[in-house]
Amino acid sequence: GAARQTVAVMGAGLMGAGIAQVTAEKGYKVLLKDRDDAAVARGVSYMSENWDKKVKRKRMTQHRRNLNDAAAVPLTDASPSLERHFSKAD
């Protein structure tokens, strides 16, 4: 298949997490970066809760939800793989 494009979103606050969520839903791999684990975890939690609501309302299949979740890669300044991931970002 075609290579999946990668989008980096800097900041996992409400706006960054919202952008990352929509981007993942469109089929892109998303690198969601924030300064520390707590900040990036809030962004991931925001996306997960929104996808769970969509599944509950039958606006998204569980399979699609799982694919979206797998497409979002949380990263922080301390992530050992940060540089490797960002070198591949489109």
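Look above for the structure.
Structure report, in brief. (Residues numbered from 1 in each chain as written. Predicted model: local features only at pLDDT ≥ 70, side-chain atom pairs only at ≥ 80, totals over all residues. Heavy atoms only, no water.)

As for the overall build of the protein
Moving on, step 1. The number of helices and strands found in the protein is four helices and three strands.
Moving on, step 2. Walking the protein from its N terminus toward its C terminus, one meets helices and strands in the order β-α-β-α-α-β-α.
Moving on, step 3. The C-alpha atoms of the protein give 13 Å as radius of gyration, which agrees with the globular expectation for 90 residues (12 Å, within 12%).
Moving on, step 4. Expressed as lengths along the three principal axes of its C-alpha atoms, the size of the protein is roughly 40 × 35 × 20 Å. (Helix = DSSP H or I, 4+ residues; strand = E, 2+ residues; numbered from the N terminus. Rg over C-alpha atoms; globule rule 2.2 N^0.38 Å.)

Some details on the environment of Gly43
Moving on, step 1. Mapped onto the elements, Gly43 comes out in helix α2 (residues 37–56).
Moving on, step 2. Spatially, the C-alpha atoms of Gly43 and Ala12 are 4.7 Å apart, while their sequence positions differ by 31 residues.
Moving on, step 3. Look past the residues within four positions of Gly43 in its chain and what remains in contact with it is Ala12, Ala17 and Leu32. (Contact = heavy atoms within 4.5 Å.)

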